[in-house]
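A look at the structure
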Amino acid sequence: MDISRREFIVSSSVLGAGMVASPMVFGKRVSVAGKPAILGGEPMLAQKVWPKWPRWNPATDEKHVVEVLRSGVWSRAKVTQRFEEKWAETIGTNRCLTVVNGTNALITALTNFGVGPGDEVILPPYTFIAVPLAVLAVGAMPIFADVELKTFQLDPDQVAQKITQRTKAILAVHIAGVAVDMDRIMALAKERNLIVIEDACQAHLAEYGGKRLGSIGHAGCFSFQNSKNLPIGEGGAVVSNNGDFMDRCYSYHNLGLPYGSMVGIVSASSVLAGTKIRLTEYQAAIGLALLERLDEETIIRDENAQYLSSMLSEVPGIYPMELYEKANKGAYHLYPFRYVEAEFGGLSREQFMKALRAEGVPCSSGYAVLTDQPYLKDAFDSPLYQHVYPKEQLDFDAYVVANRCPNNETLCKEQAVWFTQNLLLGPKADMELIVTAITRIHQHAAQLADNK
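For every chain, the first residue of the written sequence is number 1, and numbering continues from 1 onward in sequence order. Residue-level local features of this predicted model are given only where pLDDT is at least 70; pairs of side-chain atoms are given and counted only at 80 or more, and the full residue set underlies all totals for whole chains, interfaces and linings. To obtain the side-chain values, all non-hydrogen atoms of the structure were included, while hydrogens and water were left out.

1. Comments concerning the packing of aromatic side chains
Each aromatic ring pair is specified by the distance between its two centres and by the angle formed by the two planes. The condition that has to hold: Working definition: rings of Phe, Tyr and Trp (its six-membered ring) pair if their centres are within 6.5 Å, and the pair is stacked with planes under 30 degrees apart, edge-to-face with planes over 60 apart, and tilted otherwise. Only DSSP runs of H or I reaching four residues or more are called helices, and only runs of E reaching two or more are called strands; each is numbered from the N terminus. Residue exposure (1.4 Å probe, protein chains only): buried if accessible area is under 20% of the type maximum, exposed if over 50%, otherwise partly exposed. Only when the NZ atom of a Lys or the CZ atom of an Arg is both within 6 Å of the ring centre and within 35 degrees of the ring normal do we say a charge sits over the ring.
In this structure the tally under the stated criterion is 22 aromatic pairs. A ring pair is formed by tryptophan 87 and phenylalanine 224, whose centres lie 5.4 Å apart and whose planes are at 90 degrees; its orientation type is edge-to-face. Linking tryptophan 87 in helix 3 (residues 78–91) with phenylalanine 224 in the loop between strand 10 (219–223) and strand 11 (236–240), this pair joins segments that are 137 residues apart in sequence. Residue phenylalanine 224 is classed as buried on the basis of its relative accessible area, which comes to 0%. Seen in terms of ring centroids, tyrosine 339 and phenylalanine 352 are 4.4 Å apart; in terms of plane orientation they differ by 20 degrees. Their pairing is stacked. Taken together, the residues tyrosine 339 in strand 13 (residues 334–339) and phenylalanine 352 in helix 11 (residues 349–359) connect sequence positions 13 residues apart. Comparing tyrosine 339 with phenylalanine 352, the two get one shared label, buried. In textbook terms, an aromatic cluster arises when at least three aromatic residues are bridged by ring pairs, as seen for Tyr332, Tyr335, Phe337, Tyr339, Phe344, Phe352 and Phe419. For lysine 48, the ring lying beneath its charged end belongs to tryptophan 50, and the centroid distance is 5.1 Å. The ring of tyrosine 307 is capped by lysine 428, whose NZ or CZ atom sits 5.8 Å from the centre of that ring.

2. What to know about the pairing of strand 13
Definition in use: Any two strands with at least two DSSP bridges between them are considered paired.
Of all 6 residues in strand 13, 6 are buried; the element is thus mostly enclosed. The alternating pattern of strand 13 places Leu334, Pro336 and Arg338 and Tyr335, Phe337 and Tyr339 on opposite faces, both of which are buried. The sheet contact formed by strand 12 (residues 318–320) and strand 13 spans 3 bridges and is antiparallel. Its bridge partner being in strand 13, proline 320 is matched across the sheet by phenylalanine 337. Pairing between strand 13 and strand 14 (residues 416–420): 5 bridges, direction antiparallel. Along strand 14, the bridge assignment pairs arginine 338 with alanine 416.

Pasting the structure below:
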């Protein structure tokens, strides 16, 4: 199946030219026109084993961890510091600090930029729950600005409309590991004197204008949770070129003990109301081992994603996530696309995904709406929020109305479909198999819709 994109599209009738291909799948020729698996036909990818995640190579990876275990030094020390230095170098920042997870990376950054009770933080609604929870954890008010349908990313025009005198920071979440329009976000921030924290938790090694995501804003935050492109089970990092800020972050993550520029400020042992969220040495060892192949894996994901998008864009009703011109490299922790039911003969998104899974392609509908959920009301009812914020700002029903994001609701409730990053780690032929399976469903969509 190592053929050109144009040859593949023509042969598989993605453009609806009437010619139906019979591709070779596991040595057998399977007709796109054949009965879909969900209707009793032979699954196109019944025997397909997608790349597993995380990857671990005992021959090369375990020595890093074994050395740490045998050393008896398991709490934060030289190996953690080495990983931080390597990650800062990789991202292109002066400094890096590791913490226990990406959520605490966000909390650490917000706290040490002085974001707290009474402040507003603008963030996208199309994201993981950890992002608004981090804002609530520091006592600030999350203000949701809608995303663009075509890009899935935070809309700078919507951000501009949500800025008030209480706005302190913008959380630019690079969802799926592809860049937000950072030029416009940074221009807004400069104009209004706001802090920009890049949530690059899904964006390891992704780029915008030739710069690694996480290095463009005032600080960047990363996650190394088990599903992430650099997985160490749990873990996170804050990166920045601001030395004083990073000294505060270090002190904060280590019980408030003085560090760097904070040494000698006072004679007391702790200079900040910090916490204890240090990374362990064996976690850092795993990170160093897997970092050795992250660049190669990122290139494979990016190339496969572009190839997949070039083919899926020819399928009516399938709209791959669009990238900004300067988003020149994607990490693709997720591969999202929009599914338009009306262009699939009225086949619902749930029916489409069920049919696609039956063909052997795992998929998901992705995020749920976060702007009207009980976690927000729980925070608003807490003593802190009741004490700091005026009653009208804590009116939950009014908050939900003010923070409604129609594009986000369209993605969450109707259109978004995801593939996880491991599907992009195989050969280009795997991308062709995905498109072939989707093409079969499209060609039989009306029949599938009638067969509820």
